[in-house]
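So the chains spell out like this:
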Amino acid sequence: GIQVEQSPPDLILQEGANSTLRCNFSDSVNNLQWFHQNPWGQLINLFYIPSGTKQNGRLSATTVATERYSLLYISSSQTTDSGVYFCAVTAGYSGAGSYQLTFGKGTKLSVIP
Amino acid sequence: DTGVSQDPRHKITKRGQNVTFRCDPISEHNRLYWYRQTLGQGPEFLTYFQNEAQLEKSRLLSDRFSAERPKGSFSTLEIQRTEQGDSAMYLCASSYLGSGYTFGSGTRLTVV
């Protein structure tokens, strides 16, 4: 099946700093999403971004599908940004397994005041 | 749009008991998924419904697990004869063709 690798696994930031999280995937994808999992376990959808660039406030994401990677940018980080950020993909083929969202292991972000 | 709802939020059960979780997807979403997440890991796929048809099941879904989605609306996930290894967060998600997945808040199961 498709493999998803995220880096770095852990990141500690001072409040106000910027950061870039990376997601590499091993095959073509139909769907790529970035999620933020809060301390209560809720997975919040940040971006649905199988290709291109999107921005939402202090967050932006870029997916270069031909090179099989995606980047999540967090600017002016706040303590409320702390949590685990997951990249998840569905493989770019039809048939069995094509609807399975495969997750990376996540990046644990800690923003300190 | 009230999002994906899951019930209960927390469940503590004794080993050997049966438990059932419920998921109410976003009403216009025809696809529903169950995932399981253990501590420090990303969610892992369990099963997928399109409308009322269960189209895919993971090898993780042993014979003790069963999922249903009657009438293509809400879904239930039942675990029979629970084991300590079943302790995890059980997440439900829904989607529509061409859209991303929306996850519920999850049910945290603790088997003691």
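Residues numbered from 1 in each chain as written. Chains lettered and ligands numbered in written order. Predicted model: local features only at pLDDT ≥ 70, side-chain atom pairs only at ≥ 80, totals over all residues. Heavy atoms only, no water.

Novice: Looking at this structure, I do not really get the overall build of chain A. What am I missing?
Specialist: In terms of regular secondary structure, chain A is built from zero helices and 11 strands. Element order for chain A, N to C, with α for helix and β for strand: β-β-β-β-β-β-β-β-β-β-β. A compact globule built from 113 residues would reach a C-alpha radius of gyration of about 13 Å, and chain A, at 14 Å, matches this within 12%. Considering only intrachain contacts with a sequence separation of at least 6, the fraction spanning at least 24 residues in chain A is 58%. Accessible surface, chain A as shown: approximately 5,400 Å² in total, 49% of it carbon and sulfur. Here chain A holds 6 positive side-chain charges and 6 negative ones, and the gap between their average locations is 3 Å. (Helix = DSSP H or I, 4+ residues; strand = E, 2+ residues; numbered from the N terminus. Rg over C-alpha atoms; globule rule 2.2 N^0.38 Å. Contact = heavy atoms within 4.5 Å. Areas by Shrake-Rupley, 256 points an atom, 1.4 Å probe, with all protein chains shown as cover. Lys, Arg positive; Asp, Glu negative; His and termini not counted. Charge placed at Lys NZ, Arg CZ, Asp CG, Glu CD.)

Novice: Any chance you could explain the overall build of chain B here in plain terms?
Specialist: Counting secondary structure elements, chain B contains zero helices and 11 strands. Ordered by position in the sequence, the α and β elements of chain B form the string β-β-β-β-β-β-β-β-β-β-β. A compact globule built from 112 residues should have a C-alpha radius of gyration of about 13 Å, and chain B, at 13 Å, falls within 12% of that. Each principal axis of the C-alpha distribution contributes one length, and for chain B these read about 40 × 25 × 20 Å. Taking all 112 residues of chain B together, 50% fall into the buried category. Contacts in chain B between residues at least 24 apart in sequence constitute 52% of all its contacts with a sequence separation of at least 6. Total accessible area on chain B is roughly 5,700 Å²; 44% of this is exposed by carbon and sulfur atoms. Each charge sign in chain B was given a centre, from 14 positive and 12 negative side chains, and these centres are 6 Å apart. (Buried < 20%, exposed > 50% of the residue type's maximum accessible area, 1.4 Å probe, protein only.)

Novice: Please explain the sheet that holds strand 1 (residues 5-7) of chain B as it appears in this structure.
Specialist: The strands that make up a sheet are held in pairs by hydrogen bonds between backbone atoms, and each pair lies either parallel or antiparallel. All names here are of chain B. Taken in spatial order, the four strands line up as 1-3-8-7 in an open sheet, and their pairing is antiparallel. The open sheet is flanked by strand 1 and strand 7 (65-68), the only strands paired with a single partner. Pairwise comparison of adjacent strand axes, ignoring direction, gives a mean angle of 15° for this sheet. Pairing between strand 3 (residues 19-24) and strand 8 (residues 75-79): five bridges, direction antiparallel. In the strand pairing of strand 8, Val19 is matched with Ile79. (Pairing = 2+ DSSP bridges. Axes fitted to C-alpha atoms, helices over the stretch in contact; angles between N-to-C directions.)

Novice: Would you mind showing me how to read the state of the cysteines here?
Specialist: Considering all chains together, one arrives at two disulfides over all chains under this definition. Across the disulfide from A:Cys23 sits A:Cys87; the S-S distance is 2.0 Å. Disulfide A:Cys23-A:Cys87: torsion about the S-S bond near -60°, hence left-handed. In this pair, A:Cys23 sits in strand 3 (residues 19-25) while A:Cys87 sits in strand 9 (residues 83-91), placing the two residues 64 residues apart along the sequence. For A:Cys87, a relative accessible area of 0% corresponds to the buried category. Here B:Cys23 engages in a disulfide with B:Cys92; their sulfurs sit 1.9 Å apart. Looking down the S-S bond of the B:Cys23 and B:Cys92 bridge, the torsion is -70°, so its handedness is left-handed. Residue B:Cys23 is located in strand 3, and its partner B:Cys92 is located in strand 9 (residues 88-95); the two are separated by 69 residues in the primary sequence. (Disulfide = S-S within 2.5 Å.)

By themselves, these are just geometric observations and shouldn't be taken as functional.
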